[in-house]
Amino acid sequence: MGKQPFARCIAAAALAAVGFAATAPASAQDYPTKPVRMIVGYPPGGVVDILGRVVAERLSERLGQTVIVENHPGASGIVGNRVAAQAEGDGYTLLMGYFSTLAVHPSLYKDLPYDPVKDYAPIGRIATTPLILVVSPKVQANNLRELIDLAKSRPGRLNYGATGNGSGAPLAAELLKQLAGIQMTQIPYKGSAPALTDLQGDHIQVLFDALPSALPLVNGGKLRAFAVTDATRSALVPDVPTVAESGFPNYQFAPWLGLLAPQGTPPAIVERLNTELNAVLAMPEVAKKLTPLGYQLKGSSPQEFAAFIKSERARWAKFIADAGIKAKE
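Treat the numbers as computed from the prediction; the structure is a model and nothing was measured.

Engineer: What's the story with the pattern of salt bridges in this structure? I'm lost.
Structural biologist: Side-chain pairs of opposite charge can arise where the charged atoms are in close proximity. Inspection of the entire model under this criterion finds 12 salt bridges. A salt bridge links Asp 49 to Arg 53; the shortest N-O distance between them is 2.9 Å. Placement of both Asp 49 and Arg 53 in helix H2 (residues 47–63) is noted, with a separation of four residues, approximately one turn of the helix. As a salt-bridge pair, Arg 313 and Asp 115 come within 3.8 Å of each other at their nearest N and O atoms. Of this pair, Arg 313 sits in helix H11 (residues 302–323) while Asp 115 sits in the loop between helix H4 (99–108) and strand S4 (120–128), placing them 198 residues apart in sequence. Note on Asp 115: relative accessible area 21%, which makes it partly exposed. Each of Arg 58, Glu 61 and Glu 285 takes part in a single network of salt bridges with overlapping partners.

This is the structure:
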(Lines give C-alpha, C1' and ligand atoms only; values in the text may rest on other atoms or scores of the structure.)
Protein backbone atom coordinates (compact mmCIF):
# COMPACT_ATOMS: atom_id res chain seq x y z
CA MET A 1 0.00 0.00 0.00
CA GLY A 2 3.05 2.28 -0.27
CA LYS A 3 4.29 4.49 -2.98
CA GLN A 4 5.22 1.69 -5.40
CA PRO A 5 1.67 0.25 -5.94
CA PHE A 6 0.28 3.78 -6.27
CA ALA A 7 2.92 4.61 -8.89
CA ARG A 8 2.05 1.46 -10.78
CA CYS A 9 -1.63 2.52 -10.85
CA ILE A 10 -0.72 5.94 -12.18
CA ALA A 11 1.47 4.37 -14.86
CA ALA A 12 -1.28 1.95 -15.89
CA ALA A 13 -3.80 4.77 -16.15
CA ALA A 14 -1.39 6.82 -18.23
CA LEU A 15 -0.77 3.90 -20.58
CA ALA A 16 -4.53 3.35 -20.94
CA ALA A 17 -5.04 7.02 -21.78
CA VAL A 18 -2.25 6.92 -24.36
CA GLY A 19 -3.71 3.77 -25.82
CA PHE A 20 -7.17 5.35 -26.11
CA ALA A 21 -5.76 8.50 -27.69
CA ALA A 22 -3.87 6.38 -30.19
CA THR A 23 -6.84 4.22 -31.14
CA ALA A 24 -9.63 6.84 -31.17
CA PRO A 25 -8.49 8.67 -34.33
CA ALA A 26 -7.80 5.34 -36.01
CA SER A 27 -11.37 4.15 -35.41
CA ALA A 28 -12.70 7.34 -36.99
CA GLN A 29 -10.19 7.04 -39.81
CA ASP A 30 -11.26 3.45 -40.51
CA TYR A 31 -14.96 4.41 -40.45
CA PRO A 32 -17.19 3.00 -41.81
CA THR A 33 -16.75 -0.76 -41.45
CA LYS A 34 -20.38 -1.67 -42.17
CA PRO A 35 -23.40 -0.22 -44.02
CA VAL A 36 -24.81 3.14 -42.89
CA ARG A 37 -28.52 3.91 -42.75
CA MET A 38 -30.01 7.28 -43.68
CA ILE A 39 -33.37 8.04 -42.07
CA VAL A 40 -35.89 9.93 -44.22
CA GLY A 41 -39.01 10.95 -42.33
CA TYR A 42 -41.15 11.24 -45.45
CA PRO A 43 -42.60 8.87 -48.07
CA PRO A 44 -40.64 7.80 -51.17
CA GLY A 45 -40.72 10.18 -54.12
CA GLY A 46 -40.93 13.46 -52.22
CA VAL A 47 -38.48 16.34 -52.03
CA VAL A 48 -36.63 14.96 -48.98
CA ASP A 49 -36.54 11.38 -50.26
CA ILE A 50 -35.27 12.26 -53.74
CA LEU A 51 -32.39 14.29 -52.35
CA GLY A 52 -31.62 11.63 -49.76
CA ARG A 53 -31.30 8.90 -52.38
CA VAL A 54 -29.00 10.92 -54.62
CA VAL A 55 -26.76 11.84 -51.69
CA ALA A 56 -26.81 8.28 -50.31
CA GLU A 57 -25.73 6.82 -53.64
CA ARG A 58 -22.71 9.12 -53.92
CA LEU A 59 -21.79 8.85 -50.25
CA SER A 60 -21.75 5.07 -50.67
CA GLU A 61 -19.13 5.42 -53.39
CA ARG A 62 -16.95 7.75 -51.32
CA LEU A 63 -17.26 5.89 -48.01
CA GLY A 64 -16.79 2.44 -49.47
CA GLN A 65 -19.89 1.18 -47.67
CA THR A 66 -23.53 1.17 -48.71
CA VAL A 67 -25.65 4.02 -47.38
CA ILE A 68 -29.18 2.62 -47.16
CA VAL A 69 -32.18 4.98 -47.22
CA GLU A 70 -34.86 4.05 -44.68
CA ASN A 71 -38.23 5.80 -45.02
CA HIS A 72 -40.04 6.38 -41.71
CA PRO A 73 -42.96 8.61 -42.74
CA GLY A 74 -45.56 9.91 -40.35
CA ALA A 75 -46.68 12.97 -38.40
CA SER A 76 -45.15 15.45 -40.85
CA GLY A 77 -41.65 14.05 -40.44
CA ILE A 78 -41.74 13.68 -36.65
CA VAL A 79 -41.62 9.87 -36.71
CA GLY A 80 -38.38 9.78 -38.69
CA ASN A 81 -36.74 12.42 -36.52
CA ARG A 82 -37.60 10.42 -33.41
CA VAL A 83 -36.06 7.28 -34.89
CA ALA A 84 -32.83 9.14 -35.63
CA ALA A 85 -32.75 10.89 -32.24
CA GLN A 86 -33.05 7.57 -30.40
CA ALA A 87 -30.34 5.83 -32.43
CA GLU A 88 -26.82 5.28 -31.15
CA GLY A 89 -24.35 8.04 -31.98
CA ASP A 90 -21.82 5.80 -33.69
CA GLY A 91 -21.85 7.18 -37.22
CA TYR A 92 -24.02 4.39 -38.61
CA THR A 93 -27.31 6.31 -38.48
CA LEU A 94 -27.81 9.56 -40.38
CA LEU A 95 -30.84 11.83 -40.76
CA MET A 96 -31.86 13.72 -43.87
CA GLY A 97 -33.17 16.76 -42.02
CA TYR A 98 -35.83 19.15 -43.30
CA PHE A 99 -36.44 22.74 -42.20
CA SER A 100 -39.93 22.07 -40.83
CA THR A 101 -38.96 19.32 -38.40
CA LEU A 102 -35.83 21.14 -37.22
CA ALA A 103 -36.89 24.80 -37.19
CA VAL A 104 -40.69 25.00 -37.29
CA HIS A 105 -42.14 22.09 -35.32
CA PRO A 106 -40.56 23.12 -31.99
CA SER A 107 -42.83 26.17 -32.03
CA LEU A 108 -45.93 24.24 -33.10
CA TYR A 109 -45.84 21.12 -30.92
CA LYS A 110 -45.41 21.06 -27.14
CA ASP A 111 -44.31 17.45 -26.74
CA LEU A 112 -41.93 16.69 -29.59
CA PRO A 113 -40.14 13.34 -29.07
CA TYR A 114 -36.83 14.95 -30.03
CA ASP A 115 -34.92 18.19 -29.50
CA PRO A 116 -33.62 19.67 -32.78
CA VAL A 117 -30.55 21.14 -31.04
CA LYS A 118 -29.71 18.71 -28.24
CA ASP A 119 -30.44 15.39 -29.99
CA TYR A 120 -28.43 15.78 -33.20
CA ALA A 121 -24.93 16.48 -34.38
CA PRO A 122 -25.23 18.63 -37.53
CA ILE A 123 -23.04 17.47 -40.43
CA GLY A 124 -23.82 20.01 -43.13
CA ARG A 125 -26.39 21.85 -45.20
CA ILE A 126 -27.19 20.32 -48.57
CA ALA A 127 -29.74 22.35 -50.52
CA THR A 128 -32.68 24.70 -50.62
CA THR A 129 -35.90 24.05 -52.52
CA PRO A 130 -37.76 27.25 -53.47
CA LEU A 131 -41.49 26.98 -54.05
CA ILE A 132 -43.66 28.32 -56.84
CA LEU A 133 -47.02 30.03 -56.42
CA VAL A 134 -49.54 28.53 -58.85
CA VAL A 135 -53.19 29.41 -59.29
CA SER A 136 -56.30 27.91 -60.79
CA PRO A 137 -56.89 28.76 -64.46
CA LYS A 138 -60.23 30.26 -63.43
CA VAL A 139 -58.76 32.85 -61.07
CA GLN A 140 -59.52 36.33 -62.38
CA ALA A 141 -56.01 37.71 -62.05
CA ASN A 142 -52.98 37.82 -64.33
CA ASN A 143 -50.17 38.25 -61.81
CA LEU A 144 -49.47 38.30 -58.08
CA ARG A 145 -50.40 41.97 -57.63
CA GLU A 146 -53.79 41.37 -59.20
CA LEU A 147 -54.23 38.23 -57.06
CA ILE A 148 -53.58 40.30 -53.94
CA ASP A 149 -56.13 42.90 -55.07
CA LEU A 150 -58.64 40.11 -55.71
CA ALA A 151 -58.05 38.65 -52.25
CA LYS A 152 -58.55 42.06 -50.66
CA SER A 153 -61.84 42.52 -52.50
CA ARG A 154 -63.04 39.08 -51.36
CA PRO A 155 -61.69 38.53 -47.81
CA GLY A 156 -61.50 34.85 -46.93
CA ARG A 157 -63.15 33.68 -50.15
CA LEU A 158 -59.99 32.51 -51.88
CA ASN A 159 -58.87 29.06 -50.75
CA TYR A 160 -55.27 27.96 -50.59
CA GLY A 161 -53.90 24.45 -50.21
CA ALA A 162 -51.84 23.48 -47.15
CA THR A 163 -49.89 20.27 -47.57
CA GLY A 164 -48.68 19.17 -44.13
CA ASN A 165 -48.42 20.81 -40.71
CA GLY A 166 -45.51 23.23 -40.57
CA SER A 167 -44.39 22.40 -44.09
CA GLY A 168 -43.29 24.84 -46.78
CA ALA A 169 -46.63 25.33 -48.52
CA PRO A 170 -48.72 26.69 -45.62
CA LEU A 171 -45.84 28.74 -44.22
CA ALA A 172 -45.18 30.34 -47.60
CA ALA A 173 -48.85 31.26 -47.83
CA GLU A 174 -48.96 32.59 -44.26
CA LEU A 175 -45.90 34.73 -44.92
CA LEU A 176 -47.56 36.24 -47.99
CA LYS A 177 -50.80 36.83 -46.06
CA GLN A 178 -48.92 38.70 -43.35
CA LEU A 179 -46.93 40.91 -45.72
CA ALA A 180 -49.83 41.61 -48.07
CA GLY A 181 -52.48 42.04 -45.39
CA ILE A 182 -54.92 39.62 -46.98
CA GLN A 183 -57.23 36.86 -45.77
CA MET A 184 -57.44 33.47 -47.47
CA THR A 185 -58.95 30.22 -46.22
CA GLN A 186 -56.63 27.29 -45.60
CA ILE A 187 -57.67 23.89 -46.97
CA PRO A 188 -55.52 21.04 -45.58
CA TYR A 189 -54.21 18.21 -47.77
CA LYS A 190 -52.12 15.14 -47.03
CA GLY A 191 -49.91 15.73 -50.05
CA SER A 192 -49.20 17.80 -53.12
CA ALA A 193 -50.93 15.53 -55.66
CA PRO A 194 -54.52 15.92 -54.38
CA ALA A 195 -53.99 19.65 -53.86
CA LEU A 196 -52.83 20.07 -57.46
CA THR A 197 -55.87 18.11 -58.66
CA ASP A 198 -58.24 20.36 -56.72
CA LEU A 199 -56.38 23.44 -57.93
CA GLN A 200 -56.98 22.45 -61.55
CA GLY A 201 -60.68 22.03 -60.75
CA ASP A 202 -60.85 25.40 -58.98
CA HIS A 203 -61.83 23.78 -55.66
CA ILE A 204 -58.90 25.77 -54.29
CA GLN A 205 -57.51 28.83 -56.02
CA VAL A 206 -53.92 29.18 -54.72
CA LEU A 207 -51.11 26.78 -53.91
CA PHE A 208 -47.42 27.08 -53.08
CA ASP A 209 -45.79 23.91 -54.35
CA ALA A 210 -42.42 22.38 -55.19
CA LEU A 211 -41.18 23.22 -58.67
CA PRO A 212 -40.85 19.64 -59.98
CA SER A 213 -44.47 18.70 -59.26
CA ALA A 214 -46.06 21.98 -60.36
CA LEU A 215 -44.06 22.78 -63.50
CA PRO A 216 -45.48 20.03 -65.75
CA LEU A 217 -48.97 21.39 -65.13
CA VAL A 218 -47.80 24.96 -65.72
CA ASN A 219 -46.03 23.99 -68.94
CA GLY A 220 -49.13 22.06 -70.03
CA GLY A 221 -51.34 25.11 -69.59
CA LYS A 222 -53.39 23.56 -66.77
CA LEU A 223 -52.11 25.97 -64.10
CA ARG A 224 -50.61 29.46 -64.08
CA ALA A 225 -47.44 30.45 -62.25
CA PHE A 226 -47.36 33.86 -60.59
CA ALA A 227 -44.16 33.89 -58.53
CA VAL A 228 -41.28 31.93 -56.99
CA THR A 229 -40.49 32.27 -53.31
CA ASP A 230 -36.69 32.63 -53.29
CA ALA A 231 -34.77 35.91 -53.40
CA THR A 232 -33.81 35.30 -57.04
CA ARG A 233 -35.62 33.83 -60.02
CA SER A 234 -35.36 30.15 -60.79
CA ALA A 235 -33.44 29.04 -63.87
CA LEU A 236 -36.24 26.52 -64.44
CA VAL A 237 -38.80 29.32 -64.91
CA PRO A 238 -36.77 32.45 -65.72
CA ASP A 239 -39.85 34.37 -66.86
CA VAL A 240 -41.65 33.93 -63.54
CA PRO A 241 -40.84 36.80 -61.12
CA THR A 242 -40.06 36.42 -57.44
CA VAL A 243 -42.56 37.43 -54.78
CA ALA A 244 -40.12 40.19 -53.85
CA GLU A 245 -40.13 41.54 -57.40
CA SER A 246 -43.91 41.56 -57.32
CA GLY A 247 -44.06 44.22 -54.63
CA PHE A 248 -42.98 42.48 -51.41
CA PRO A 249 -39.23 43.10 -51.06
CA ASN A 250 -39.06 41.47 -47.60
CA TYR A 251 -40.41 38.16 -48.86
CA GLN A 252 -37.83 35.37 -49.15
CA PHE A 253 -38.59 31.74 -48.45
CA ALA A 254 -36.72 28.62 -49.50
CA PRO A 255 -37.12 25.41 -47.46
CA TRP A 256 -33.75 23.80 -46.73
CA LEU A 257 -32.36 20.34 -46.15
CA GLY A 258 -29.24 19.05 -44.44
CA LEU A 259 -27.55 15.98 -43.04
CA LEU A 260 -27.33 15.20 -39.32
CA ALA A 261 -26.32 12.35 -37.01
CA PRO A 262 -27.50 11.43 -33.52
CA GLN A 263 -25.89 13.39 -30.70
CA GLY A 264 -22.78 11.71 -29.37
CA THR A 265 -21.41 10.84 -32.81
CA PRO A 266 -17.62 11.27 -32.56
CA PRO A 267 -16.47 14.66 -33.92
CA ALA A 268 -13.89 12.98 -36.14
CA ILE A 269 -16.66 10.99 -37.85
CA VAL A 270 -18.81 14.10 -38.22
CA GLU A 271 -15.88 15.88 -39.88
CA ARG A 272 -15.27 12.91 -42.18
CA LEU A 273 -18.92 12.86 -43.22
CA ASN A 274 -18.87 16.62 -43.79
CA THR A 275 -15.83 16.32 -46.03
CA GLU A 276 -17.44 13.57 -48.09
CA LEU A 277 -20.79 15.37 -48.23
CA ASN A 278 -19.25 18.57 -49.58
CA ALA A 279 -17.31 16.51 -52.12
CA VAL A 280 -20.61 14.97 -53.26
CA LEU A 281 -22.21 18.41 -53.62
CA ALA A 282 -19.27 19.54 -55.78
CA MET A 283 -19.79 16.73 -58.29
CA PRO A 284 -21.05 18.07 -61.66
CA GLU A 285 -23.16 14.95 -62.17
CA VAL A 286 -24.96 15.58 -58.87
CA ALA A 287 -25.79 19.15 -59.86
CA LYS A 288 -26.88 17.92 -63.28
CA LYS A 289 -29.34 15.53 -61.64
CA LEU A 290 -30.69 17.78 -58.88
CA THR A 291 -30.73 21.29 -60.38
CA PRO A 292 -33.45 20.45 -62.95
CA LEU A 293 -35.59 19.26 -60.03
CA GLY A 294 -35.41 22.66 -58.35
CA TYR A 295 -32.72 21.97 -55.75
CA GLN A 296 -30.11 24.67 -55.15
CA LEU A 297 -27.04 23.02 -53.65
CA LYS A 298 -25.53 24.79 -50.63
CA GLY A 299 -22.79 23.11 -48.58
CA SER A 300 -21.45 24.17 -45.18
CA SER A 301 -19.29 23.13 -42.25
CA PRO A 302 -20.88 21.34 -39.26
CA GLN A 303 -20.46 24.49 -37.18
CA GLU A 304 -22.10 26.71 -39.80
CA PHE A 305 -25.01 24.30 -40.10
CA ALA A 306 -25.49 24.16 -36.31
CA ALA A 307 -25.58 27.96 -36.10
CA PHE A 308 -27.95 28.11 -39.07
CA ILE A 309 -30.41 25.68 -37.46
CA LYS A 310 -30.47 27.77 -34.26
CA SER A 311 -31.04 31.00 -36.17
CA GLU A 312 -33.82 29.45 -38.26
CA ARG A 313 -35.49 28.07 -35.15
CA ALA A 314 -35.52 31.56 -33.62
CA ARG A 315 -36.75 33.13 -36.86
CA TRP A 316 -39.72 30.78 -37.23
CA ALA A 317 -40.58 30.88 -33.53
CA LYS A 318 -41.06 34.64 -33.80
CA PHE A 319 -43.04 34.39 -37.03
CA ILE A 320 -45.35 31.65 -35.69
CA ALA A 321 -45.96 33.59 -32.48
CA ASP A 322 -46.62 36.86 -34.29
CA ALA A 323 -48.93 35.20 -36.83
CA GLY A 324 -50.74 33.13 -34.20
CA ILE A 325 -50.23 29.93 -36.20
CA LYS A 326 -51.42 26.74 -34.53
CA ALA A 327 -50.79 23.11 -35.48
CA LYS A 328 -53.73 21.58 -37.30
CA GLU A 329 -55.10 18.38 -35.82
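That was the structure; now back to the text.
Engineer: Looking at this model, I keep getting lost on the packing of H4 against H11. Mind explaining?
Structural biologist: How two helices sit against one another is set out by the angle between their axes and by the gap between those axes. Following both chains from N to C, one finds H4 and H11 inclined at 40 degrees, their axes separated by 8 Å at the closest point. By the criterion of interaxial angle, the relationship of H4 to H11 is oblique. For the element pair H4 and H11, the recorded crossing hand is right-handed. Judged by residue contacts, Phe 99, Leu 102, Ala 103, Val 104, Pro 106, Ser 107 and Leu 108 of H4 engage Ile 309, Glu 312, Arg 313, Trp 316, Ala 317 and Ile 320 from H11. Classifying every residue of the contact of H4 with H11 gives 10 nonpolar, one polar and two charged.

Engineer: Help me understand the side chain of Ser 167 in this model?
Structural biologist: You can see Ser 167 is positioned in the loop between strand S6 (159–163) and helix H6 (168–180). Residue Ser 167 is classed as buried on the basis of its relative accessible area of 12%. Among the polar contacts listed, one links the side chain of Ser 167 to the backbone oxygen of Thr 163, at a separation of 2.5 Å. When sequence neighbours within four positions are dropped, the list of residues in contact with Ser 167 reads Phe 99 and Ser 100.

Engineer: How do you make sense of the nonpolar core when you look at a structure like this?
Structural biologist: Nonpolar side chains tend to gather and get buried jointly when the protein is soluble and globular. Membership of the largest hydrophobic core comes to 85 residues, with the highest contact counts inside it found for Leu 144, Leu 147 and Leu 176. When sequence neighbours within four positions are dropped, the list of residues in contact with Leu 147 reads Leu 133, Val 135, Val 139, Ala 141, Leu 158, Val 206 and Phe 226.

Engineer: Can you help me understand the packing of aromatic side chains in this one?
Structural biologist: Each aromatic ring pair is characterised by the separation of its centres together with the angle its planes make. By the definition in use, this model includes 10 aromatic pairs. Pairing Tyr 42 with Tyr 98 gives two aromatic rings, centres 5.7 Å apart and planes at 85 degrees, and the pair type is edge-to-face. Taken together, the positions of Tyr 42 in the loop between strand S1 (36–40) and H2 and Tyr 98 in strand S3 (residues 93–98) put the pair 56 residues apart, joining distant regions of the chain. Both residues of the pair, Tyr 42 and Tyr 98, belong to the buried class. Relative to Phe 305, the ring of Trp 256 lies with its centre 6.0 Å away and its plane at 85 degrees, an arrangement referred to as edge-to-face. Of the two residues, Trp 256 sits in strand S10 (residues 256–262) while Phe 305 sits in helix H11, which places them 49 residues apart along the sequence. Across the pair, exposure class does not vary: Trp 256 and Phe 305 are buried alike. An aromatic cluster of at least three residues, connected via ring pairs, comprises Tyr 42, Tyr 98, Phe 99, Phe 253, Trp 316 and Phe 319.

Procedures and definitions
Residues numbered from 1 in each chain as written. Predicted model: local features only at pLDDT ≥ 70, side-chain atom pairs only at ≥ 80, totals over all residues. Heavy atoms only, no water. Salt bridge = Lys/Arg side-chain N within 4 Å of Asp/Glu carboxyl O. Helix = DSSP H or I, 4+ residues; strand = E, 2+ residues; numbered from the N terminus. Buried < 20%, exposed > 50% of the residue type's maximum accessible area, 1.4 Å probe, protein only. Axes fitted to C-alpha atoms, helices over the stretch in contact; angles between N-to-C directions. Parallel < 35°, antiparallel > 145°, perpendicular 65-115°, else oblique. Left-handed = near helix turned anticlockwise from the far one by under 90°. Contact = heavy atoms within 4.5 Å. Nonpolar A, V, L, I, M, F, W, Y, C, P; charged D, E, K, R; others polar. Polar contact = N/O pair within 3.5 Å; in protein donor to acceptor, adjacent residues only side chain to side chain. Core = buried A, V, L, I, M, F, W, Y, C linked by side-chain atoms within 4.5 Å. Phe/Tyr/Trp six-rings, centres within 6.5 Å; stacked < 30°, edge-to-face > 60°.

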